[in-house]
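Spelled out, the chains give:
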Amino acid sequence: STPRQRNMQNAASASVGAVVTSLFVTPFEVLKVRQQACGSSGCGMVQLGQTLVRAEGATAFWAGLRPTLLMAVPSTVLYVGAYEHIRDAIQAAAARRRNGGGGALASLAPMLAGGSARVVTVVVAAPLELLRTRMQAAPAG
């Protein structure tokens, strides 16, 4: 496969992974955010879940799913693309410097690329993260 096809496959698999993860994790995020909103009164997770279903219905567990998906899918694709690009650039630079310590640089490439790609992704996704948290904290309706 060509590099373009690999990039498209990576983007598609990252997108599917982000959607599936969001569908499973969002109910726990909603409970966590609502529990934090209870403050020091100490809402129990089970009691909070029961109250949420009675008061707002089961769909309340997926409050904020739209911004979660709007954040997760592009962020995951951005992370994977940035990671691969940065990793390849570091490895290419290391290959040019093999005799001058390029081996150490090449061995650090995944870590450096992962950290750099995560910073880029967090900076881009931060506003959507705030919107998602606000939507999850608010009662449905």
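Above this text is the structure in question.
All values derive from a computational prediction rather than experimental measurement.

**A short note on the overall build of the protein chain**
Turning to step 1, where the next piece is worked out: If you tally the helices and strands in the protein chain, you get four helices and zero strands.
Turning to step 2, where the next piece is worked out: In sequence order, the secondary structure elements of the protein chain are arranged as α-α-α-α.
Turning to step 3, where the next piece is worked out: For the protein chain, the spread of C-alpha atoms along the three principal axes comes to 65 × 35 × 25 Å.
Turning to step 4, where the next piece is worked out: Relative to all contacts within the protein chain whose residues are 6 or more apart in sequence, the contacts with residues 24 or more apart total 71%.
Turning to step 5, where the next piece is worked out: Per element, the accessible surface of the protein chain, about 8800 Å² overall, is 66% carbon and sulfur.
Turning to step 6, where the next piece is worked out: Side chains of the protein chain carry 13 positive and 5 negative charges; the gap between the two charge centres is 5 Å.

**Here's the deal with helix α3 (residues 65-96)**
Turning to step 1, where the next piece is worked out: With 32 residues, α3 should cover 46 Å at 1.5 Å per step; its first-to-last C-alpha distance of 46 Å lies within 8% of that length.
Turning to step 2, where the next piece is worked out: When α3 is considered as a whole, its buried residues turn out to be Leu 65, Pro 67, Thr 68, Met 71, Ala 72, Val 73, Ser 75, Ala 82, Tyr 83, Glu 84, Ile 90 and Ala 94.
Turning to step 3, where the next piece is worked out: Each element contacted by the buried residues of α3 is listed here: α1 (3-38) and α4 (102-137).

**Re the layout of surface pockets**
One simple way to see leftover space: roll a probe sized like a water molecule over the atoms.
Turning to step 1, where the next piece is worked out: Of the volumes computed, that of the largest pocket is approximately 340 Å³.
Turning to step 2, where the next piece is worked out: Lining the largest pocket are 19 residues, and of these Ser 22, Met 71, Ala 72, Thr 76 and Glu 129 lie nearest its centre.
Turning to step 3, where the next piece is worked out: When contributions to the lining of the largest pocket are tallied by element, the ones reaching two or more residues are α1, α3 and α4.
Turning to step 4, where the next piece is worked out: Top contributing element to the lining of the largest pocket by residue count: α4, with seven residues.

**Some details on the pattern of salt bridges**
Turning to step 1, where the next piece is worked out: Summed over all chains, the structure comprises three salt bridges.
Turning to step 2, where the next piece is worked out: A salt bridge links Arg 34 to Glu 56; the nearest nitrogen and oxygen atoms lie 3.0 Å apart. Taken as a pair, Arg 34 in helix α1 and Glu 56 in helix α2 (residues 45-56) lie far apart in primary sequence, 22 residues in all.
Turning to step 3, where the next piece is worked out: Residue Arg 34 is classed as buried on the basis of its relative accessible area, which comes to 10%.
Turning to step 4, where the next piece is worked out: Using a relative accessible area of 23% as the deciding quantity, one classes Glu 56 as partly exposed.
Turning to step 5, where the next piece is worked out: Here Asp 88 and Arg 87 are joined by a salt bridge, their closest N and O atoms 3.1 Å apart.
Turning to step 6, where the next piece is worked out: The exposure class assigned to Asp 88 is partly exposed, which follows from its relative accessible area of 41%.
Turning to step 7, where the next piece is worked out: With relative accessibility at 22%, the residue Arg 87 sits in the partly exposed group.

**Focus on the nonpolar core**
Turning to step 1, where the next piece is worked out: By size, the foremost hydrophobic cluster in this structure holds seven residues: Val 30, Leu 31, Leu 48, Leu 52, Ala 60, Phe 61 and Ala 63.
Turning to step 2, where the next piece is worked out: Not counting the four nearest positions on each side in its chain, Ala 63 is found in contact with Thr 26, Val 30, Met 135 and Gln 136.

**Let's talk about the environment of Leu 65**
Turning to step 1, where the next piece is worked out: Considering the arrangement of structural elements, one finds Leu 65 in helix α3.
Turning to step 2, where the next piece is worked out: A relative accessible area of 19% places Leu 65 in the buried class.
Turning to step 3, where the next piece is worked out: Separated by 38 residues in sequence, Leu 65 and Pro 27 place their C-alpha atoms 9.2 Å apart.
Turning to step 4, where the next piece is worked out: When neighbours within four sequence positions are excluded, Leu 65 is seen to be in contact with Ser 22, Leu 23 and Thr 26.

Rules used in this analysis
- Residues numbered from 1 in each chain as written.
- Predicted model: local features only at pLDDT ≥ 70, side-chain atom pairs only at ≥ 80, totals over all residues.
- Heavy atoms only, no water.
- Helix = DSSP H or I, 4+ residues; strand = E, 2+ residues; numbered from the N terminus.
- Contact = heavy atoms within 4.5 Å.
- Areas by Shrake-Rupley, 256 points an atom, 1.4 Å probe, with all protein chains shown as cover.
- Lys, Arg positive; Asp, Glu negative; His and termini not counted.
- Charge placed at Lys NZ, Arg CZ, Asp CG, Glu CD.
- Expected span 1.5 Å × (residues − 1).
- Buried < 20%, exposed > 50% of the residue type's maximum accessible area, 1.4 Å probe, protein only.
- 1 Å grid on protein atoms, 1.4 Å probe; cavity = no way out; pocket = protein on both sides within 12 Å on 5 of 7 lines; lining within 4 Å.
- Points joined across faces, edges and corners; volume = space filled by probe spheres on them.
- Salt bridge = Lys/Arg side-chain N within 4 Å of Asp/Glu carboxyl O.
- Core = buried A, V, L, I, M, F, W, Y, C linked by side-chain atoms within 4.5 Å.

The values are spatial; any link to function lies outside them.
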